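What follows is each chain in one-letter form.
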Amino acid sequence: MIFHKKHPLILLSVVFVFISGCAIAVGPNMLPVGPLNGKPIVRVGKVEETLTGTWASYPNVGFRSAMEKALKRKEFSSHFSNEAPLVLNVRLTSDHADDNPRVLTIAVMSGITFGFLPLTYDSVWNIQCEAVVQDSGGSTVAQYVLQEAGTYHISCFPWTPVSLFFAALRGRGDARKMADQTTFVLTAKIVSAIEADYLRLAPMAGQADTVKALAPPTSSGSALSF
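Residues numbered from 1 in each chain as written. Predicted model: local features only at pLDDT ≥ 70, side-chain atom pairs only at ≥ 80, totals over all residues. Heavy atoms only, no water.

A. Main features of the overall build of the protein chain. Within the protein chain, the secondary structure is distributed over seven helices and five strands. Written out in order from the N terminus, the α and β elements of the protein chain read α-β-β-α-β-α-β-β-α-α-α-α. The buried share among the 226 residues of the protein chain stands at 36%. Taking as baseline every contact in the protein chain between residues at least 6 positions apart, the subset at least 24 positions apart corresponds to 80%. (Helix = DSSP H or I, 4+ residues; strand = E, 2+ residues; numbered from the N terminus. Buried < 20%, exposed > 50% of the residue type's maximum accessible area, 1.4 Å probe, protein only. Contact = heavy atoms within 4.5 Å.)

Here is the structure:
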């Protein structure tokens with residue numbers, strides 16, 4: 001008899017569990033990367049990172065390892081060579097506000113609303129990237145300052161305690177995905193900047209012949225005036 005009276009409540013709880021869900025969006029979106037039109041003139045050097053904001057107090061965080069992995073991805077293999085005379089060093093400055101206070105706030109909101117009010121959560125990682133290209137003598141021959149932001153957005157639907165629980169379960173994997181996508185985009189911007197500067201940098205790397213082959217042909221003949 002007791003079970004019979006509680007049966008609707010149990011059934012309702014099961015329904016809430018199954019219809020609960022959350023929509024998660026991780027950014028930035030990936031950028032298309034094409035092969036280098038010429039011989040690679042740059043090799044990858046070192047990656048350094050400075051953490052700022054409240055995030056700086058946490059050990060073993062940041063984008064350095066993800067950036068090192070991104071520079072080795074197959075999509076960029078034609079842009080770098082271990083034998084290239086010019087070296088690329090990357091300096092990251094990452095800023096992020098501690099998520100814990102905001103996570104606590106959304107958990108409290110879930111409790112106050114009894115889990116029936118949809119909730120959203122956003123987190124942003126701002127990164128400044130300084131890409132420095134040096135010659136064999138250590139002199140800087142090119143410097144590019146780039147910015148990118150990693151983003152994480154969650155829309156939690158009722159019943160939100162269940163939605164938040166499953167979001168937390170996949171949180172570590174989503175964080176890795178965000179770091180991989182962010183550093184991929186930064187690397188794509190770096191190789192794009194170097195490629196745009198290729199005709200100037202190639203002679204410093206002993207690729208004068210390549211420059212001649214890639215340089216647009218000059219038109220011959222005399223100009224006519226009217």
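B. Main features of the packing of aromatic side chains. Considering all chains together, one arrives at two aromatic pairs under this definition. Ring geometry for Phe 76 and Phe 184: centres 5.1 Å apart, planes at 50°, overall tilted. Here Phe 184 lies in helix H5 (residues 171–196) and Phe 76 lies in the loop between helix H2 (64–71) and strand E3 (86–96), a separation of 108 residues in the sequence. In this structure Phe 76 comes out as buried when scored by relative accessible area, which is 0%. On the basis of an interplanar angle of 75° and a centroid distance of 5.4 Å, the ring pair of Phe 165 and Phe 166 is categorised as edge-to-face. Using a relative accessible area of 48% as the deciding quantity, one classes Phe 165 as partly exposed. (Phe/Tyr/Trp six-rings, centres within 6.5 Å; stacked < 30°, edge-to-face > 60°.)

C. Geometry of the nonpolar core. Leu 88, Val 90, Leu 92, Val 133 and Ile 190 are the most contacted members of the largest nonpolar core, which has 45 residues in total. Sort the elements by how many residues they give to this core and H5 lands first, with nine residues. (Core = buried A, V, L, I, M, F, W, Y, C linked by side-chain atoms within 4.5 Å.)

D. Focus on the pairing of strand E2 (residues 42–52). Bridge count for E2 against E3 is nine bridges, and the pairing is parallel. Considered in E3, the bridge of Val 44 is made with Leu 88. Between E2 and its parallel partner E3, the chain crosses via H2, and the hand of that crossover is left-handed. (Pairing = 2+ DSSP bridges. Right-handed = clockwise from strand over helix to strand, strands pointing away.)

E. View of the pairing of strand E5 (residues 140–157). In this sheet, E5 lies alongside strand E4 (residues 119–134) in antiparallel orientation, the contact comprising 16 bridges. Residue Asp 122 lies in a different strand from E5, and its bridge partner there is His 153. Connecting E4 to the antiparallel partner E5 that follows it, the hairpin turn spans five residues, and Gly 138 within it adopts a positive phi of roughly 90°.

F. Quick peek at the packing of H2 against H5. Two numbers describe how H2 lies on H5: the axes approach to 8 Å, and their chain directions differ by 55°. Considering the angle they form, H2 stands oblique to H5. Between H2 and H5 lies a crossing of right-handed hand. Contact with H2, carried on its side by Ala 66, Met 67, Lys 69, Ala 70 and Leu 71, involves Ala 179, Asp 180, Thr 183, Phe 184, Leu 186, Thr 187 and Ile 190 of H5 and no other residues of that element. Among the residues forming the contact of H2 with H5, the class breakdown is eight nonpolar, two polar and two charged. (Axes fitted to C-alpha atoms, helices over the stretch in contact; angles between N-to-C directions. Parallel < 35°, antiparallel > 145°, perpendicular 65-115°, else oblique. Left-handed = near helix turned anticlockwise from the far one by under 90°. Nonpolar A, V, L, I, M, F, W, Y, C, P; charged D, E, K, R; others polar.)

G. How the structure looks around helix H3 (residues 100–112). Helix length check: H3, at 13 residues, gives a terminal C-alpha distance of 18 Å against a target of 18 Å (1.5 Å per residue), a fit within 8%. In the stretch just after H3, Phe 114 is the one whose phi turns positive, near 60°. (Expected span 1.5 Å × (residues − 1).)

H. Fine view of the pattern of salt bridges. If you walk through the whole model with that rule in mind, you get nine salt bridges. Close ionic contact of Asp 180 with Lys 69 constitutes a salt bridge, the shortest N to O distance being 3.2 Å. Here the residue Asp 180 occupies a position in helix H5, and Lys 69 occupies one in helix H2, the gap between them amounting to 111 residues. In this structure, Glu 148 and Lys 189 form a salt bridge, with 2.7 Å as the shortest nitrogen-oxygen distance. Of this pair, Glu 148 sits in strand E5 while Lys 189 sits in helix H5; the two residues are 41 residues apart in sequence, bridging distant segments of the chain. Owing to a relative accessible area of 28%, Lys 189 belongs among the partly exposed residues under this scheme. (Salt bridge = Lys/Arg side-chain N within 4 Å of Asp/Glu carboxyl O.)

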